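Chain by chain, the residues run as shown.
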Amino acid sequence: CFIDIGDGTAGLHARLAVSGPGRPLVVLHELGGSTALHGELLAAAAAERPVLAFGLPGHGESACGPAAQGGLAAHAALLLKAIDVCGLEDFDVLGVGSGSALAAELTDSAGTRVARQLLVGPWLLDAVERHEFAASYAPEIAPRSDGAHLFAAWNATRDAELYWPWFRHADAEVVAACDNMLNRFTDMGAGIREIVIPDLELNRVAQAVTILTEMA
């Protein structure tokens, strides 16, 4: 079903499973996922309680409203509106993976309305890692006339299943050694600049075209 939250969009997509009489459970999926990922979980939990899984803005079948451009607080406020529309008073919250951060924010916003919170595989990042993730985890992928943006999106999706985090493509010890070396240079006053090597850029585009041709 779709829930109209009055933000001018088509609303949030939600999956509702009702069977047991217990306290309702609100399920929040991972960023980049959708409610379709947790069908088995919803069916199992619904044996004891009503379960409501919301598709986050811009995910799955949910509209990409204003909250999709905001942070955790904006998303939590939108979800709380949707929960109010559904008539839920007290409820539990389950956050999966990166959805755990939103579950924590929603719990904080809802106050005593949330009885229990369950976080499955939350991201526990220190200050350095948070800075790194903010800079690299979701790079802007702008459309290009040569279609190279599709290759970039495909690589990011593939690497997300191969590496943690996806933007580190090397052994952890190698990355640490390189980071230490760069830190020593910056401590000595050196600056770090990004450069583009034209020949390598052409190779990247050519590889993208080749792969897209093979996929066609």
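Everything discussed here concerns the structure shown above.
About the criteria used
Residues numbered from 1 in each chain as written. Predicted model: local features only at pLDDT ≥ 70, side-chain atom pairs only at ≥ 80, totals over all residues. Heavy atoms only, no water. Helix = DSSP H or I, 4+ residues; strand = E, 2+ residues; numbered from the N terminus. Buried < 20%, exposed > 50% of the residue type's maximum accessible area, 1.4 Å probe, protein only. Contact = heavy atoms within 4.5 Å. Areas by Shrake-Rupley, 256 points an atom, 1.4 Å probe, with all protein chains shown as cover. Axes fitted to C-alpha atoms, helices over the stretch in contact; angles between N-to-C directions. Left-handed = near helix turned anticlockwise from the far one by under 90°. Nonpolar A, V, L, I, M, F, W, Y, C, P; charged D, E, K, R; others polar. Expected span 1.5 Å × (residues − 1). Arc of directions from axis to C-beta. 1 Å grid on protein atoms, 1.4 Å probe; cavity = no way out; pocket = protein on both sides within 12 Å on 5 of 7 lines; lining within 4 Å. Points joined across faces, edges and corners; volume = space filled by probe spheres on them.

J.: Help me understand the overall build of the protein in this model?
T.: Summing up its helical and strand segments, the protein has seven helices and six strands in all. Taken from the N to the C terminus, the helices and strands of the protein come in the order β-β-β-α-β-α-β-α-β-α-α-α-α. Looking at the protein residue by residue over its 216 residues, the buried ones come to 34%. Taking the intrachain contacts of the protein between residues at least 6 apart in sequence as the baseline, contacts between residues at least 24 apart amount to 69%. Looking at the protein as shown, the accessible area adds up to about 13500 Å², and 57% of this sits on carbon and sulfur atoms.

J.: Explain the packing of helix α2 (residues 72-85) against helix α3 (residues 99-110) here, please?
T.: Relative orientation and spacing of two packed helices are given, respectively, by the angle between their axes and the distance between those axes. At a minimum axis distance of 9 Å, the contact between α2 and α3 shows a crossing angle of 65°. Between α2 and α3 lies a crossing whose hand is right-handed. Where α2 approaches α3, its residues Leu72, Ala73, His75, Ala76, Leu79, Leu80 and Ile83 are matched on the opposing element by Ala101, Leu102, Glu105, Leu106, Ser109 and Ala110. Residues belonging to the contact of α2 with α3 are distributed by class as follows: ten nonpolar, two polar and one charged.

J.: Can you walk me through helix α5 (residues 148-162) in this structure?
T.: For an α-helix, the turn length of 3.6 residues means that residues three or four places apart are oriented alike. With 15 residues, α5 extends 21 Å between its outermost C-alpha atoms, agreeing within 8% with the 21 Å of an ideal straight helix rising 1.5 Å per residue. Looking at α5, one finds that the buried residues are Ala148, His149, Phe151, Asn155, Ala156 and Asp159. Taken around the axis of α5, the buried residues stretch over an arc of 155°, which confines them to a single face. Opposite the packed face of α5, turned more than 90 degrees from it, sit the exposed residues Thr157 and Glu161.

J.: How do you make sense of the layout of surface pockets when you look at a structure like this?
T.: Any space left empty among the atoms is revealed by the rolling of a water-sized probe across them. Space inside the largest pocket adds up to approximately 1500 Å³. Every residue lining the largest pocket is counted, 38 residues in all, and those nearest its centre are Leu31, Gly32, Trp123, Tyr137 and Ala138. Those elements that place two or more of their residues in the lining of the largest pocket are α2, α3, α4 (127-136) and α5. A total of five residues in the lining of the largest pocket trace back to one element, the largest contributor, which is α5.

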